[in-house]
Amino acid sequence: MSSLSPLEGRGAEIAVCSGITAANCANIPFGPPHRDTEPWAGEVRSGGFSPAGAATGAAGNGRVNGYVCLSILDSKRYCRSSLTQIAVLQIVKESQQQHGLRHGDFQRYRGYCSRRLRRLRKTLNFKMGNRHKFTGKKVTEEILSDNRYLLLILMDAERAWSYAMQLKQEANTEPRKRFHLLSRLRKAVKHAEELERLCESNRVDAKTKLEAQAYMAYLTGMLRFEHQEWKAAMEAFNKCKTIYEKLANAFTEEQAVLYNQRVEEISPNIRYCAYNIGDQSAISELMQMRLRSGGTEGLLAEKLEALITQTRAKQAATMSEVEWRGRTVPVKIDKVRIFLLGLADNEAAIVQAENEETKERLFESLLSECRDAIQAVREDLKPDQKQREHSLEMDSGKVSNIQYLHSYLTYIKLSTAIKRNESMAKSLQKALLQQQRSEEDGKRTPRPQDLIRLYDIILQNLVELTQLPGLEEDKNFQKEIGLKTLVYKAYRCFFIAQSYVLVKKWSEALVLYERVLKYASEVQSEAGAYKNSLKELPDVQDLITQVNAEKYSLQAAAILGELHNHTRPLSERFETFCLDPSLVSKQVSLVHFPPGFQPIPCKPLFFDLALNHVAFPPLEDKVEQKAKSGLTGYIKGIFGFKS
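Residues numbered from 1 in each chain as written. Predicted model: local features only at pLDDT ≥ 70, side-chain atom pairs only at ≥ 80, totals over all residues. Heavy atoms only, no water.

Test applied: UniProt positions are given in the numbering used here, feature names are shortened, and annotations may be inferred rather than shown by experiment.
Looking at an unreviewed UniProt entry, the chain carries the name Signal recognition particle subunit SRP68, with the source organism given as Dromaius novaehollandiae. According to its UniProt record, the chain has this under Sequence similarities (unreviewed entry): "Belongs to the SRP68 family."

Encoded structure:
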């Protein structure tokens, strides 16, 4: 395995010498590739080579400064070659993204590598014996006419690497698996060495040779990184970075994307190795990389988090107290010290965030750290409950130091939540301005109701700030919170009015606009001594200007709406003259049809309520008694006996 030396000048760093000595190749200028060549495999032009790779000559390979060199052909000469080539990095990246690594599922990716290996061996008839007996086979240079043999070794390396990364995830809870992890990484490096050795053959094109070298250097760097051999790991990563940078410069922008991504991936690893070797400036660069990206992923994630925590812990040893609003309180909890030391860096990273997604991740990270610090203080508060109550009585209402520290951390959490919601509100306001374009793209259109919800949460956080223990008697603090509340109430009323405008409720919207102006004027009249604390808030003067413009637009829209209100049929508006084009259309509204129901008088119902209270005279003497019936009455009737 060859090693790469540092780059010097722009000589023939990437070339395969065909009949040209190394000394002659070193003097050949290496410029950007020609864009006008056809993408033929093995096609080379003077000053560069085509994206498809480059050919090797019959005279063999040469090396300049440790790099494989391409033959420089005449600018009018073209060649076609049947050299074996394989896009190592592209195959690896596509396979990883499509089979689990997008979600960090290394076990799924390992299964995919195993299945693909089995399919390749079956297709190539390159089986390792049968189910009863194992017969080992090795890929040799003589059978490299098919690039699938190189793919076999690449999938072997990827399977071992994915198993190692799976074990790395499991090693957090089972430390013994770390030994198996290192064994799998060594296996992956062994397969990568085999791939690089086979690619040294004249049957393989130069681009594949360089990618095999870079892949080998990458896996070697990862193995040395896990062994904490920082110098060897740094050399391997630097070699990998150098090759990928040169490949990115040699090919088109579309092909260079993958190479540049891999360079960005390994850059934090190089800085971490440099820090462990003794470069103290690397820690600041690592922290900036982490904050800019909103968190690091992959091999370096846990080590970098541990390093940052360790660095802050060393600084926290000298931090014993914190001052807030004129009161100094001691800080004895290490987790709180570490959080307070990193607070300024996190806030600076949020300000410098490149996009809203990164800013949102940083806000969430800061809030998570703040909640952990508050929990640590809360646990320290529980055993001291009785002592704190006693101190309240002795100090005439003054809270204890630990309670005041808890209030300070809660203030940081609520203030950060307010800033996050305000940032989200600003992005939604921009989206509202681009509402037409969003509708054309088929995306969900933001509504004023979304902003109303955010400002409701902000006002709720401000109410919680006024109730913090130890700040009830701080009049300046309460006044600042009151002014901030007025500002956010004004914005909340403004967007409520906007929502009424959308449904054409002009009177309600006009009343809310007047309420916005009232809140804004109160802020302007009372904000004289508190301008410094209100700098970060939205400018109410801009809001006043916007509300005045909206009021005029609202009044004009209301008048136009009344003039063009032709919803009534013609039979009900004879007394009003207006130009109504619908009268000459096919759907003219003359009368309401079918006509609506109208109330009419109905037949009255009479209820005799006095009948229940009338006493009628007895009528028994006037009613004939009923004749007796039965056998006795029949006999009496026969004999003439009648009553």
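## So, the overall build of the chain
Convention followed: Every helix listed is a DSSP run of H or I at least four residues long, and every strand listed is a run of E at least two residues long, numbered separately from the N terminus. Exposure is judged per residue with a 1.4 Å probe applied to protein chains only, and the accessible area is read against the type maximum: over 50% gives exposed, under 20% gives buried, and values in between give partly exposed. The contact rule is simple, with two residues in contact once any of their heavy atoms fall within 4.5 Å. Under the convention used here, a 1.4 Å probe and the Shrake-Rupley method define accessible areas, while residue burial counts only the protein chains that appear.
For the chain, the count of helices and strands is 20 helices and six strands. Here the chain, with 643 residues, has 43% of them falling under the buried criterion. Restricting the contact set of the chain to residue pairs at least 6 apart, pairs at least 24 apart contribute 67%. Summed over all atoms, the accessible surface of the chain reaches about 38500 Å², with 52% contributed by carbon and sulfur.

## As for the pairing of strand β5 (residues 321-324)
Rules: Note on pairing: two strands pair once DSSP finds at least 2 bridges between them.
Along β5, the buried face is formed by Val322 and Trp324; none of Glu321 and Glu323, which line the opposite face, is buried. Alignment of β5 against strand β6 (residues 327-330), held across four bridges, turns out to be antiparallel. Bridging from a neighbouring strand, Glu323 pairs with Thr328 of β6. Taking the residues that link successive antiparallel strands as the turn, the β5-β6 hairpin has two residues, and the phi of Arg325 there is positive, at about 55°.

## Considering unusual backbone geometry
Of note, the phi angle at Gln228 is positive, near 60°, even though the residue is not glycine. Following the sequence through the fold, Gln228 ends up in the loop between α6 (206-226) and α7 (230-250). The class of Gln228 is partly exposed, set by a relative accessible area of 47%. For Lys504, which is not a glycine, the phi torsion comes out positive at approximately 65°. If you trace the backbone, Lys504 turns up in the loop between α17 (475-502) and α18 (506-526).

## Comments concerning the packing of α7 against helix α8 (residues 253-277)
Counted only if it meets this: Only C-alpha atoms enter the line fits that serve as axes; for helices the fit covers just the stretch in contact. Angles between N-to-C directions range over 0 to 180 degrees. Comment on the angle field: the value is read as roughly parallel under 35 degrees, roughly antiparallel over 145, roughly perpendicular from 65 to 115, and oblique elsewhere. Crossing handedness is defined as follows: a turn of the near helix away from the far one that is anticlockwise and smaller than a right angle gives a left-handed crossing, while the clockwise case is right-handed. Any residue outside Ala, Val, Leu, Ile, Met, Phe, Trp, Tyr, Cys, Pro, Asp, Glu, Lys and Arg is labelled polar, Gly included; the first ten of those are nonpolar and the last four are charged.
Where α7 contacts α8, the two axes come as close as 9 Å, and the packing angle between them is 155°. The angle between α7 and α8 falls in the class roughly antiparallel. At the point where α7 passes α8, the crossing takes the left-handed sense. When its residues are assigned to classes, the contact of α7 with α8 shows 17 nonpolar, five polar and four charged.

## Some points on the pattern of salt bridges
Our working rule: When a carboxyl oxygen of Asp or Glu lies within 4 Å of a side-chain nitrogen of Lys or Arg, that pair is called a salt bridge.
With the rule as written, the count across this model stands at 19 salt bridges. For Glu526, the salt bridge goes to Lys479, with nearest N and O atoms at 3.0 Å. Residue Glu526 is located in helix α18, and its partner Lys479 is located in helix α17; the two are separated by 47 residues in the primary sequence. With relative accessibility at 33%, the residue Glu526 sits in the partly exposed group. A single network of salt bridges, built from pairs that share partners, joins Lys93, Arg262 and Glu265.

## Concerning the packing of aromatic side chains
Under the convention used in this document: Each aromatic pair joins two rings of Phe, Tyr and Trp (for Trp, the six-membered one) with centres within 6.5 Å, and gets the label stacked for planes under 30 degrees apart, edge-to-face for over 60, and tilted for any other angle.
Applying the stated criterion across every chain yields a total of 18 aromatic pairs. Ring centres 5.1 Å apart and planes at 40° place the aromatic pair Trp324 and Tyr411 in the tilted group. Taken together, the residues span a long stretch of sequence, with Trp324 in strand β5 and Tyr411 in helix α14 (residues 401-433) at a distance of 87 residues. Overall, the relative accessible area of 10% leaves Trp324 in the buried class. With a centroid separation of 6.0 Å and an interplanar angle of 20°, the aromatic rings of Tyr455 and Tyr491 are classed as stacked. Of the two residues, Tyr455 sits in helix α16 (residues 448-466) while Tyr491 sits in helix α17, which places them 36 residues apart along the sequence. There is no split in this pair, since Tyr455 and Tyr491 are both buried. Counting every residue linked through ring pairs, the aromatic cluster contains Tyr455, Tyr488, Tyr491, Phe494, Phe495 and Tyr513.

## Focus on the environment of Val139
Looking at the element boundaries, Val139 is found in the loop between α3 (106-124) and α4 (148-170). The exposure class of Val139 is buried, given its relative accessible area of 7%. Taking the C-alpha atoms as reference points, Val139 and Glu194, separated by 55 residues in sequence, lie 9.0 Å from one another. For Val139, the residues in contact, after removing those within four places along its chain, are Phe126, Leu144, Tyr149, Ile153, Glu194, Arg197 and Leu198.

## A closer look at the nonpolar core
Which entries qualify depends on this criterion: What makes a nonpolar core is a set of buried Ala, Val, Leu, Ile, Met, Phe, Trp, Tyr and Cys residues whose side-chain atoms join them at distances within 4.5 Å.
One finds Val336, Phe339, Leu340, Leu405 and Leu409 to be the most contacted residues of the largest nonpolar core, which totals 71 residues. At the level of elements, β5, α11 (334-351), α12 (356-381), α14, α16, α17, α18 and α19 (540-563) are the ones that each hand at least two residues to this core. The element contributing the most residues to this core is α17, with 13 residues. In this structure Leu409 touches Val336, Phe339, Leu340, Cys370, Ala373, Ile374 and Val377, once residues within four positions along its chain are discounted. Residues Leu144, Leu167, Ile243 and Tyr272 belong to the second largest nonpolar core, which totals 67 residues.

## Observations regarding α18
Our working rule: In this analysis, the expected span of each helix is defined as 1.5 Å times one less than the number of residues it contains. The directions considered for the arc run from the helix axis to the C-beta atoms.
Taking 1.5 Å per residue as the helical rise, α18 with its 21 residues ought to reach 30 Å, and the 31 Å between its terminal C-alpha atoms agrees with that figure. Where α18 is concerned, the buried positions are Ala509, Leu512, Tyr513, Val516, Leu517, Tyr519, Ala520 and Val523. One side of α18 carries all its buried residues, which in axial view fall inside an arc of 165°. Those residues of α18 that are exposed and aimed more than 90 degrees away from the buried face are Val511 and Ser525.

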